[in-house]
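# A closer look at the structure
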Amino acid sequence: MSARPLAIFGGTFDPVHIGHLTVAWEAAELLDAEVRLMPANVPPHRAAPLASAAERVAMLRAALAGQPRLVLDARELERDGPSYTIDTLIELRAEQNDRPLVLLLGADAFAGLPTWHCWRELFDVAHIGVLSRPGVPAVLSDELLHEVVPRRSDDVDALRGQPAGMVIELTVTPLEISATRIRELLAAGRDPRYLLPTGLFDTPALLAPYRD
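Residues numbered from 1 in each chain as written. Predicted model: local features only at pLDDT ≥ 70, side-chain atom pairs only at ≥ 80, totals over all residues. Heavy atoms only, no water.

In the annotation of an unreviewed UniProt entry, the protein chain is listed under the name Probable nicotinate-nucleotide adenylyltransferase and assigned to Dyella agri. Among the UniProt annotations of the protein chain, the heading Catalytic activity (unreviewed entry) holds the following wording: "nicotinate beta-D-ribonucleotide + ATP + H(+) = deamido-NAD(+) + diphosphate". Recorded in UniProt for the protein chain, the comment headed Pathway (unreviewed entry) runs: "Cofactor biosynthesis; NAD(+) biosynthesis; deamido-NAD(+) from nicotinate D-ribonucleotide: step 1/1." (UniProt positions renumbered as here; feature names shortened; annotations may be inferred.)

Dropping the structure here:
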């Protein structure tokens, strides 16, 4: 029996921008899934966010208001220490029983999966949805290919019929929007109006962490 998947889209969201929301929405439609945006506390692979946890949660709440598919899940901000994805997925698996879980990753992040903490165990608790751009194949290491090739599928129905273990490519419309560039524009007093969700401009204080 198939079930509606729960998909997880993580990141620092420092700040959340239109590129994040576009690919998350498309993935929700392609999978007919609930998608949770999950801000990381201390990301193991990058510098700490400029905005605080509370500030990033406030931005995400404003960005996600008024639409039905994308929701906020702030559980990683409630844990101390690095935000390891495997810990989050194990926790979700315990909550969701046999519901399909899908970890959404950009193609570049997916190619770097072997550098993640307990990365092989991810397949035991979730599917992986690779957000790829049309006509741009990812270059994967032999180590990752060994794990991925037997798991690859383009059958969403099959994914919905099992809780974990598959890798499916989701062709989305990537927008080349950089959170770093947005922070630079805001610090310079500029107005990146069409790079950020409207909800962030409705409450100017939300962008205060990035203003000089």
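Our focus in this paragraph is the pairing of strand E7 (residues 167–171). Of the strand pairs in this sheet, strand E5 (residues 127–132) and E7 are connected by five bridges, and their pairing is parallel. Paired with Val130 across the two strands is Glu169, which belongs to E7. With two bridges connecting them, strand E6 (residues 152–153) and E7 associate as parallel partners. If you follow Ser153 over to E7, its bridge partner there is Ile168. (Pairing = 2+ DSSP bridges. Helix = DSSP H or I, 4+ residues; strand = E, 2+ residues; numbered from the N terminus.)

Time to look at the packing of aromatic side chains. All chains considered together, the criterion is met by one aromatic pair. Here Phe9 and Phe13 contribute two aromatic rings whose centre-to-centre distance is 6.0 Å and whose plane-to-plane angle is 65°, an arrangement assigned as edge-to-face. Residue classification places Phe9 among the buried positions, given a relative accessible area of 8%. Across from the ring centre of Phe201, 4.2 Å away, lies the NZ or CZ of Arg193, which sits over that ring. (Phe/Tyr/Trp six-rings, centres within 6.5 Å; stacked < 30°, edge-to-face > 60°. Buried < 20%, exposed > 50% of the residue type's maximum accessible area, 1.4 Å probe, protein only. Lys NZ or Arg CZ within 6 Å of the ring centre and 35° of its normal.)

For the rest of this paragraph, the subject is the nonpolar core. Across soluble globular proteins, nonpolar side chains have a tendency to be buried as a group. Core analysis: the biggest nonpolar cluster contains 36 residues, and Phe9, Val35, Leu37 and Leu104 have the highest contact counts within it. The element that contributes the greatest number of residues to this core is helix H1 (residues 18–31), accounting for six residues. In contact with Leu37, other than residues within four places in its own chain, are Phe9, Phe13, Leu21, Ala24, Leu60, Leu64, Leu70, Val71, Leu72 and Asp73. With 24 residues, the next largest nonpolar core counts Leu6, Leu113, Phe123 and Ile128 among its residues. (Core = buried A, V, L, I, M, F, W, Y, C linked by side-chain atoms within 4.5 Å. Contact = heavy atoms within 4.5 Å.)

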